[in-house]
Amino acid sequence: MATDTTGRSGLGTRIPEGSTGSLVRKAVRTEALITSWDGISGEAQTVTAHWPARHPFYVQSGRYSPLLVTETIRQALALLTHTQHDIPLDHRLGWERLRCDIEPGGLKAGHEPASIELLITCTGVTRRRLGSVHLSARVEALRDGVRLATADVRYTTHPPMIYDRLRGAYSDAGEAFARALPLTAPVPPLRVGRTAEKDVVLTPTGTAHTWTLRLDTRHTVLFDHPHDHVPGMVLLEAAGQAALAEAMPRASVAVCFDTTFLRYVEFDQPCLITAEPAEPDERGRTRVKVTARQAGRPAFTSTVTTEPVPLSR
């Protein structure tokens, strides 16, 4: 059964191929990961996602990127925001807090696509008088019935009038996107867990533990349509790459992102990415605090936990 014209789903809704783009905020059809969702209760939903066996950005050396976990959660929450919470499609969504813990063994890519099941429980909805909504959710992700990740997310939605007021001179996405700074040189890809220069989002500065954010707006996965500010997923990728750079020469994988989004990061100003050691977690795993600063002010912080890449079997 397909969604009706209001966007509300019934139980056991399977999404027709190619119809999820607007619901999950992806313009490139093949980048939409969600395939169906079921209502368990008024607060809980099960969302099913499809991970391709091969992907130019999310699959490398036989492993899925941890960013694919957070992208899947982002898409699922966007869909439920519109279909279950009656938020209009023209409202703008933004994350405030994210903590995502990932089991690295679940990131191994096989010869066949992977089916991911997300159990999403809405833990809070606060509706403001002028139309903004604050939401929070708990997410448990399973792959073949085995826990893949857990996440807690707090996010907001704003109607166009309020969002445009917040963004001021940056409210027009096309104009803001067009003002992006020229593309800068990448860090060597292997240093940040990548194999291709086009996928690197950090530029060296000559100062240890410090980079500038590298924004290739032609990258059709990170930027599949014009944005009025740097997407949170790009900042998470930058945090992951910075943490892997700090772990070198040991090959590592990011397994936890504990993140706060403080303010919008603009395309037309340099953004400095810094990394500093944090206390190891309760399991003794390495942690790094990554901060993005723009115009001298923190815009994003993420404490990233890493562990050595599991040996192939």
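Bear in mind that the values here come from a model prediction, so they are computed numbers and not experimental data.

## Notes on the overall build of the protein chain
In step 1: For the protein chain, the count of helices and strands is five helices and 15 strands.
In step 2: Taking 313 residues into account, the globule formula puts the C-alpha radius of gyration at 20 Å, and the protein chain, at 19 Å, falls close to it.
In step 3: Projected onto its principal axes, the C-alpha coordinates of the protein chain cover approximately 55 × 50 × 35 Å.
In step 4: A total of 313 residues make up the protein chain; the buried ones form 51% of that total.
In step 5: Considering only intrachain contacts with a sequence separation of at least 6, the fraction spanning at least 24 residues in the protein chain is 66%.
In step 6: Counting only carbon and sulfur atoms, one obtains 53% of the accessible surface of the protein chain, whose full area is about 14600 Å².
In step 7: Within the protein chain, one finds 36 positive and 34 negative side-chain charges whose respective centroids are separated by 2 Å.

## Overview of the side chain of Thr305
In step 1: Its location among the elements puts Thr305 in strand S15 (residues 297-308).
In step 2: Contacts of Thr305, omitting those with residues within four sequence positions, involve Val253, Ala254, Val255, Cys256, Asp281, Arg285, Thr286 and Arg287.

## Regarding the layout of surface pockets
In step 1: Computed from the structure, the largest pocket encloses a volume of approximately 1000 Å³.
In step 2: As for the largest pocket, its lining consists of 41 residues, of which Leu93, Gly94, His229, Pro231 and Gly232 are closest to the centre.
In step 3: Secondary structure elements with two or more residues in the lining of the largest pocket: helix H2 (66-83), strand S6 (92-102), strand S9 (146-158) and helix H5 (232-247).
In step 4: Taken together, the residues of the lining of the largest pocket sort by class into 23 nonpolar, nine polar and nine charged.
In step 5: Of the volumes computed, that of the second largest pocket is approximately 860 Å³.
In step 6: Lining the second largest pocket we find 34 residues, and of these Gln60, Arg63, Ser252, Val253 and Val309 sit closest to its centre.
In step 7: For the lining of the second largest pocket, the elements supplying multiple residues, two or more each, are strand S5 (63-64), H2, H5 and strand S12 (252-261).
In step 8: A breakdown of the residues in the lining of the second largest pocket according to their chemical character gives 17 nonpolar, 11 polar and six charged.

## A word on the pairing of strand S13 (residues 271-278)
In step 1: Inspection of the sheet shows strand S11 (residues 210-213) paired to S13 by three bridges, in the antiparallel sense. Note on S13: the bridge partner recorded for Thr210 is Thr274.

## Considerations on the packing of aromatic side chains
In step 1: As enumerated under the stated definition, the model contains eight aromatic pairs in all.
In step 2: Three or more aromatic residues link up through ring pairs in this structure, and these residues are Trp95, Phe261 and Phe300.
In step 3: Across the ring face of Tyr264, the terminal group of Arg167 is positioned such that the distance to the ring centre comes to 4.5 Å.

## A few points about the environment of Gly206
In step 1: Along the chain, Gly206 turns up in the loop between strand S10 (202-204) and S11.
In step 2: Residue Gly206 is classed as exposed on the basis of its relative accessible area, which comes to 80%.
In step 3: Sequence separation between Gly206 and Glu117 is 89 residues, and the spatial gap between their C-alpha atoms is 43 Å.

Scoring rules and cut-offs
Residues numbered from 1 in each chain as written. Predicted model: local features only at pLDDT ≥ 70, side-chain atom pairs only at ≥ 80, totals over all residues. Heavy atoms only, no water. Helix = DSSP H or I, 4+ residues; strand = E, 2+ residues; numbered from the N terminus. Rg over C-alpha atoms; globule rule 2.2 N^0.38 Å. Buried < 20%, exposed > 50% of the residue type's maximum accessible area, 1.4 Å probe, protein only. Contact = heavy atoms within 4.5 Å. Areas by Shrake-Rupley, 256 points an atom, 1.4 Å probe, with all protein chains shown as cover. Lys, Arg positive; Asp, Glu negative; His and termini not counted. Charge placed at Lys NZ, Arg CZ, Asp CG, Glu CD. 1 Å grid on protein atoms, 1.4 Å probe; cavity = no way out; pocket = protein on both sides within 12 Å on 5 of 7 lines; lining within 4 Å. Points joined across faces, edges and corners; volume = space filled by probe spheres on them. Nonpolar A, V, L, I, M, F, W, Y, C, P; charged D, E, K, R; others polar. Pairing = 2+ DSSP bridges. Phe/Tyr/Trp six-rings, centres within 6.5 Å; stacked < 30°, edge-to-face > 60°. Lys NZ or Arg CZ within 6 Å of the ring centre and 35° of its normal.

Read these as spatial facts, not as claims about activity.
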